[in-house]
Amino acid sequence: MWLKPEEILLKNAFKLWVTEKDNEYFVLQRRRGYGEGGGGLTGLLVGTLDTVLDSTSKVAPYRILHHTPDSQVYWSIACGVTKDEIVQHWDWLQQNIMTTLCVFDSSEDITSFVQGKIRGLIAEEGKTSLVLEDDPEKFREALLRFEKWFELPPKEKLVTYYSCSYWKGKVPCQGWLYLSTNFLCFYSYLLGAEVKLVISWDEIWRLEKTSNVILTESIHVLAHGEDHYFSMLLHLSETFVIMEQLADYSIKRLFDKEAFQREPALSDPLQITKRGLEAHAKSAQFRTFFRLPREENLLEVHESFLWVPFSHFNTLGKICLSENYLCFASQDGSQCHVIIPMREVVSVEKPDSSSRALTVCVRGKRALRFSEVRDYQRLANTIRSRCGISASPQHSTSAEVTHSFMCLLTFSLKAVSTEALMTVFHPQDVENLDPKMLKEKMKEQSWNIHFSEYGRGTSMFFTRKTRDLIVRGVPEALRGELWMLFSGTPNINLWCYVPFSSVGAVNDMATHPDEIERDLHRSLPEHPAFQSDTGISALRRVLTAYAYRNPKIGYCQAMNILTSVLLLYAKEEEAFWLLVAVCERMLPDYFNRRIIGALVDQAVFEDLIRENLPQLVEHMTDLSFFSSVSLSWFLTLFISVLPIESAVNVVDCFFYDGIKAILQLGLAVLDYNMEALISCHDDAEAVTILNKFFDSVTNKDSPLPPTVQQASVGNNDKASHLNVDISELIREAYEKYGNLRAEEVESSRKRNKLYVIQTLEDTTKQNVIRVVSQEVRLSASHLDELYNLFKRQHFLSCYWTMQSPALLHHDPSLAYLEQYQLGFQQFTVLFSLLEPWAFCTTKSTLSLWVFRLIDENQDGLVNFKEFCCALDTLYSGSFTNKLKFLFKLHLPPAFDLPEDGVIRKSPERGRGKVDLQAYLKQWQNEILKKEETIKDLPRINQTQFIQFSKTLYNIFHGDPEEEALYRAVAHVTSLLLRMEEVGRRLQEPSSPPESAKPTGASAAEDSDTPSSHNSQDAGPDLAEVEWSFSFEQVLASLLNEPAIVSFFERPVDIQAKLGQAKMSYTFY
């Protein structure tokens, strides 16, 4: 590797380096302790220095120096891991540089020319891979060490590296932590003790920052059931963020590719950089906080003061700028933030240069004054340019989306409701104002005052007062508007991710109609709106529209309950976009077959219970009970357990504070029932206690008529549960647990997501092993190791590309056996490691035949069951079964392949939900499938038989009894051919006279007679083609050869095979 020329001191260097080659201008040296001789104690010391010190000249075992005869100064210009690499550089210098140096007159000119040439080579090399690194030269040095120490495939992309200590037992090892796209690696070498650690990101169960008495602060990694601790990191928080990003990146790309496809910035695993990951993390945090579309990226951050007119003071905070939004968030504890769409900006003024201030004027005669902005000139210019670019396209996009969505919702040729269902079914009686309606009007007045002070709509200031109003309850008339505002929907619905082209397309592509129809009448059946066709039709249109928009999610249970509540207070189009915000941003990964998001939040909830309710934890050590009970709380936002008039208050808080509000309320519910839960004796009693509590929750301020409010079961048992007002419960939740920060929740989500997904993967493995164990003779432990190898090979095909067949077809919603599959190339690698016999030079051809034979549905992919059944036959099958397997390898479809070996048929998979009917039909066919007998096998023709004989020769190659086995195969082949020849001759005398021959015999004879235009050799060739043998003939002949029978019946050491295969995956 060429290095940036750097002057070095050679006064003491010759003690550590040995000169291998030299000439007038260059010296090639080898590091002591490397290559021949080892180096003894010197080698140990040198190796320790190489690990601890961060310098290429002290790490690379070979280097090239440049010098001139009349100068004592040496310049390092190249280094290499292997001698071949450094010799290649040396030869290049001899051929391209040495012949040119003689034309220069001075040593300075020679050195300047050499340095310029080397820098040019480095610049040419770094155009692609290193252009995005902060310090390309230093990164090149680290990359050299990374490649030398870990010997990973050349395509593996190093992201960053850090000096740290790794705790192995109770002794720390000082070394280097390398973070690449697919692996976490650590290397240490101290006085002959080498420590090398390689963990793939997809194998990590836990990743968290910890501290204890010994380690003040460290990073804990749990993988393969082992704990690993890394400490003494100079930038521990930065390191942890990068590790967290890489682990999450791996999880999304390998386990949840649907979510990963939304991340275009991370689409190429070969182009991931530290800077890109840091920017991605900041942008994600920025979008989550301000509820912005996922297309927005954080471009600039400026610290400044914002004049808050309603408080009459300047609040310190940060200006965050994205492509289409100007946002501000305070940092002084006032909890004030504001979002300004660029389309709303009218002008940007700089009234006062001395205070470095600028004023942003927005529509509605409002202005925001920012002061003490360090680079206010640049910020003003950026805002102006963004406003000019984004104004017209956004408005046209909004109009286009609205039109296309209306087309989508009207596919049933019925008019879309332009009013919320609550307005239609429960209009307010203006003349009859009872105390509840008067209180409702007072709430509306409070919000109107708030709007006059803080603004209304997208550009409204969000403050503590806003949250206080939310906690007290949102008035019925404003609920739909505020849900839209707080969810960020006005920002989201400006972007149409899936173009809705025509009404006909919706009819043709509507998904999950049966599931939707089945659940329509289960959605708030007690509410009058959903006892009529108006509400049912609106619900059907919104659910069908979303299933069409997002086929990855389609329709899942609980979406109907949530959507029905949204339709009560929002128009159909607004309800649709609210559903989009909830399913795709506020509750990510909730509504799919594995409900990963809900399981992750339940794990977060368990952590919060341990932290905030220690008395409950002491009594109920197994917190999984709360996970099972609280699942409906998270999936339906408490709608399914609370009366509707109380549940809408919870939804108010959810749209303002996100999942944090649900977690707080869950803690408050458990805290309220603490004594009763502690005194219960079993889970059933605890469930009863919670159900009675929820039934006792009321909303005393609800203006809804009694026909809408749900009857409280708890009223019949007032002795055990007095009525609890939902506003008081929510207020108590905010008072006790309101200090829970959104950033902490997101961090806990990331930490628990790894564990949840790995747990699901482990469950999948157990289910697969349980199913496959019924079909094979392999033990459960062997199947466990085989599954790990199979899954590892599957991932290896996904690490360095996004286009592998296995990755493109991976769908977590598929049946267990179909989730991980291997294409032909991946199958060949794994099968070659596990096959019981050596297939010699034709290994790839035979692997292709095996692949085609076990690929029962001919889709170009092999699942774990198919793979295990083949290995089980080869490992533990009887002599007859093994021979039958080899025999079938030489019959269609395994033997009749394209000449190039390319698998032609590979249907699209994972594009939608599972066709359950197809799986049930396939399962039924497998049950009814008749067991194949040897008489069912077709005969093998001459070409196939010749290849069958060659296969046997290849299998026996290298065996201690090779010579005897070869003779046995030759004897069997000769015997079968003689049997065929005798059979043909026996038919000739028994043939009838010419005139009495049947038509078939005459035709056969005619075919044996050379025609007038063919040569005399044509007849025998045609006769040979007609030769064929049955499996019974082949089996009977081979059974007469003890050497062959003994070979096939020889037991295979399965554990040794698995051990050798695992060794080959040590670093991959």
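The chain carries the name TBC1 domain family member 8B in an unreviewed UniProt entry, which gives Lates calcarifer as its organism. Regarding the chain, the UniProt comment filed under Subunit (unreviewed entry) reads as follows: "Interacts (via domain Rab-GAP TBC) with RAB11B (in GTP-bound form)." Recorded in UniProt for the chain, the comment headed Subcellular location (unreviewed entry) runs: "Cytoplasm, Cytosol".

(A) Quick peek at helix α6 (residues 236-255). Helix length check: α6, at 20 residues, gives a terminal C-alpha distance of 28 Å against a target of 28 Å (1.5 Å per residue), a fit within 8%. With 17 of 20 residues buried, α6 lies mostly within the body of the structure.

(B) Local environment of the sheet that holds strand β6 (residues 158-168). The sheet built from seven strands is open, its strands ordered β9-β8-β7-β6-β12-β11-β10 with antiparallel pairing. On the outer flanks of this sheet lie β9 (193-200) and β10 (204-210), each paired with one strand and no other. Averaged over all adjacent pairs, the angle separating strand axes in this sheet is 30°, with direction ignored. Sheet topology places strand β11 (residues 218-223) next to strand β12 (residues 226-231); six bridges connect them, and they run antiparallel. Paired with I219 across the bridge in β12 is F230. With respect to the sheet, α6 is in contact with β6, β7 (171-180), β8 (183-190), β10 and β11, its orientation differing from that of β10 by roughly 160°.

(C) Broad picture of the packing of helix α16 (residues 513-520) against helix α17 (residues 533-549). Two elements in contact, α16 and α17, have axes separated by 10 Å at closest approach and are oriented at 150°. Our pair here, α16 against α17, has a crossing hand that is right-handed. Of the residues in α17, those in contact with I516, E517 and L520 of α16 are I536, L539, R540, L543 and T544.

(D) Region of interest: the packing of aromatic side chains. For the coordinates displayed, the defined rule picks out 51 aromatic pairs. On the numbers, 5.4 Å between centres and 80° between planes, the contact of W633 with F694 is edge-to-face. Pair noted here: W633 is in helix α22 (residues 624-636) and F694 is in helix α26 (residues 683-696), with a separation of 61 residues, a long-range link. The pair formed by W633 and F694 is uniform in burial state, with each residue classed as buried. Between R145 and the ring centre of Y161, over which it is positioned, the NZ or CZ distance is 5.8 Å. Of note, R145 hangs over the ring of W176, and the distance from its end group to the ring centre comes to 5.1 Å.

(E) Highlighting the environment of T111. Considering the arrangement of structural elements, one finds T111 in helix α4 (residues 107-125). On the basis of relative accessibility, which here comes to 13%, the residue T111 falls in the buried class. For the pair formed by T111 and P5, sequence separation is 106 residues and the distance between their alpha carbons is 9.9 Å. Filtering out sequence-adjacent residues up to four positions away, T111 remains in contact with H66, T68 and W75. Among the polar contacts listed, one links the side chain of T111 to the side chain of H66, at a separation of 3.4 Å.

(F) Expanded view of the pairing of strand β14 (residues 313-321). Pairing of strand β13 (residues 300-308) with β14 involves nine bridges; the strand directions are antiparallel. When the sheet's bridge partners are listed, H302 is paired in β14 with I319. Where β13 folds back onto β14 in an antiparallel hairpin, the turn is made up of four residues, including H312, whose phi is positive at roughly 60°. Judged from the five bridges that link them, β14 and strand β15 (residues 325-330) form a sheet pairing that is antiparallel. Residue pairing in the sheet places I319 in a bridge with F328 of β15. Two successive antiparallel strands, β14 and β15, enclose a turn made up of three residues.

Rules of the game
- Residues numbered from 1 in each chain as written.
- Predicted model: local features only at pLDDT ≥ 70, side-chain atom pairs only at ≥ 80, totals over all residues.
- Heavy atoms only, no water.
- UniProt positions renumbered as here; feature names shortened; annotations may be inferred.
- Helix = DSSP H or I, 4+ residues; strand = E, 2+ residues; numbered from the N terminus.
- Expected span 1.5 Å × (residues − 1).
- Buried < 20%, exposed > 50% of the residue type's maximum accessible area, 1.4 Å probe, protein only.
- Pairing = 2+ DSSP bridges.
- Axes fitted to C-alpha atoms, helices over the stretch in contact; angles between N-to-C directions.
- Contact = heavy atoms within 4.5 Å.
- Left-handed = near helix turned anticlockwise from the far one by under 90°.
- Phe/Tyr/Trp six-rings, centres within 6.5 Å; stacked < 30°, edge-to-face > 60°.
- Lys NZ or Arg CZ within 6 Å of the ring centre and 35° of its normal.
- Polar contact = N/O pair within 3.5 Å; in protein donor to acceptor, adjacent residues only side chain to side chain.

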